[in-house]
Amino acid sequence: MLELLGLSADAERVYRAALHHPERGVVALTAVTGLDERAVRTSLDELAALALLKPSDEFGGHMRPVSPEVGLTTLLASAEAELAERRAQVATARAQIAAIAAEHSSTRASDSATRLEGIDAVRSRLEELQRTTEFECLSLNPGGAHRPDARSAATPLNEQALRRGVTIRAVARDSFRNDPDTLAYARWLVEHGGQLRTVPVVPVQMIVVDRRVALLPLDPEDPRRGALEARSPGVLAALHALFEQCWSAGTPVGERPAADDNGCTPVERALLALVADGDTDESAARHLGVSPRTVQRMMANLMERLDAASRFQAGVIAVRRGWL
């Protein structure tokens, strides 16, 4: 139970016994805990190193147990500080990535980036690209259910491209499977030769055509504001690699996402990762495309399976067990 604080099972047993019988020595603790003398002495050394035992002023040569309110709370604070430091490191890395991206964007005069303002401009450009696509169209779709107007606009273009032998591969969120209309469109796409897989979280919306041009939203929170058309070989190589990574982790339409050896589904692993990164229920729900209530229900189930008393503890235990 206290292993996440750096306390072994034997040491915890000896600590509990010492709290009930602070005046007893090694021999007595051996009898109380059922451990052999060597294990008890090793545990006492471990407890002393963790400052859960201190020299007794009343019983010479003995060690007194520090109260749980002081000793264990201190260890918990240390574990929380380690997690906070890790989150700070992740935040620093994100800031560095953003700085590098900003530096690159200021010096890419030859990247041929074009700004497309508004959804109409984006759809017009997509119509042009679909008609001139030679061999491949890849897309990442982080939204949930597809809007009816978006489906009606995409269907004839995709059908024409498929008839010309163009490969269409798309990745969407697992939650889209909950929308009957979108699921029907996905099945239509697959029946006509397209391919679609789902993952718990799609990192960004994008379309890559023939590995020569890519469209990215100007505002990830509101794709209808417009898009940026990029042609830089470096950018396209990175976006293509991102797509292939998502594709390899996806589950084809018509199949159920499989649980791993720990009985953890892809969505559950994604939720644990989001929680470990400090996301709230509302934030995790937006990433996964489900309701906050669904997130709460999933998290309660995961905490029970991990025997965790808190979200923080669930994240720590999940990492230690290799779930993440």
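Just so you know, these numbers come straight off a predicted model, no measurement behind them.

**With respect to the sheet that holds strand E8 (residues 213–217)**
At step 1: If you trace the eight strands from one edge of the open sheet to the other, you get E3-E9-E8-E7-E4-E5-E6-E10, paired in mixed fashion. In the strand order of this sheet, the two ends are held by strand E3 (114–117) and strand E10 (251–252), each with one partner.
At step 2: Examined bridge by bridge, strand E5 (residues 167–173) and strand E6 (residues 195–199) share five bridges and lie parallel to one another. Its bridge partner lying in E6, Ala 172 is registered against Thr 198.
At step 3: Along the sheet face, helix H5 (residues 118–132) touches E3, strand E4 (136–141), strand E7 (206–209), E8 and strand E9 (226–230) and points at about 120° away from the line of E3.
At step 4: Across the sheet, helix H8 (residues 233–249) lies against E4, E5, E6, E7, E8, E9 and E10, angled at about 70° from E5, the strand it touches most.

**Observations regarding the packing of aromatic side chains**
At step 1: Applying the stated criterion to the full structure yields two aromatic pairs.
At step 2: For the ring pair Tyr 185 and Trp 188, a centre distance of 5.8 Å and an interplane angle of 20° mean the geometry is stacked. Within this pair, Tyr 185 and its partner Trp 188 are both found in helix H7 (residues 180–191), separated by three residues, close to a single helical turn.
At step 3: Overall, the relative accessible area of 10% leaves Tyr 185 in the buried class.
At step 4: When the centroid spacing of 5.8 Å and the interplanar angle of 20° are considered together, the rings of Phe 243 and Trp 247 count as stacked. Placement of both Phe 243 and Trp 247 in helix H8 is noted, with a separation of four residues, approximately one turn of the helix.
At step 5: Taking the relative accessible area as the measure of exposure, Trp 247 reaches 7% and is therefore buried.
At step 6: Over the ring of Trp 247 we find Arg 169; its NZ or CZ atom is 5.1 Å from the centre of that ring.

**As for the packing of helix H9 (residues 266–276) against helix H10 (residues 281–288)**
At step 1: For the pair H9 and H10, the least separation of the axes is 10 Å and the interaxial angle reads 140°. By the angle class used here, H9 and H10 are oblique. Note on packing geometry: the crossing formed by H9 with H10 is right-handed. Between H9 and H10, the residues in contact are Val 267, Ala 270, Leu 271 and Leu 274 and Ala 284, His 287 and Leu 288, respectively.
At step 2: Looking at side-chain class alone, the contact of H9 with H10 contains six nonpolar, one polar and no charged residues.

Procedures and definitions
- Residues numbered from 1 in each chain as written.
- Predicted model: local features only at pLDDT ≥ 70, side-chain atom pairs only at ≥ 80, totals over all residues.
- Heavy atoms only, no water.
- Pairing = 2+ DSSP bridges.
- Helix = DSSP H or I, 4+ residues; strand = E, 2+ residues; numbered from the N terminus.
- Contact = heavy atoms within 4.5 Å.
- Axes fitted to C-alpha atoms, helices over the stretch in contact; angles between N-to-C directions.
- Phe/Tyr/Trp six-rings, centres within 6.5 Å; stacked < 30°, edge-to-face > 60°.
- Buried < 20%, exposed > 50% of the residue type's maximum accessible area, 1.4 Å probe, protein only.
- Lys NZ or Arg CZ within 6 Å of the ring centre and 35° of its normal.
- Parallel < 35°, antiparallel > 145°, perpendicular 65-115°, else oblique.
- Left-handed = near helix turned anticlockwise from the far one by under 90°.
- Nonpolar A, V, L, I, M, F, W, Y, C, P; charged D, E, K, R; others polar.

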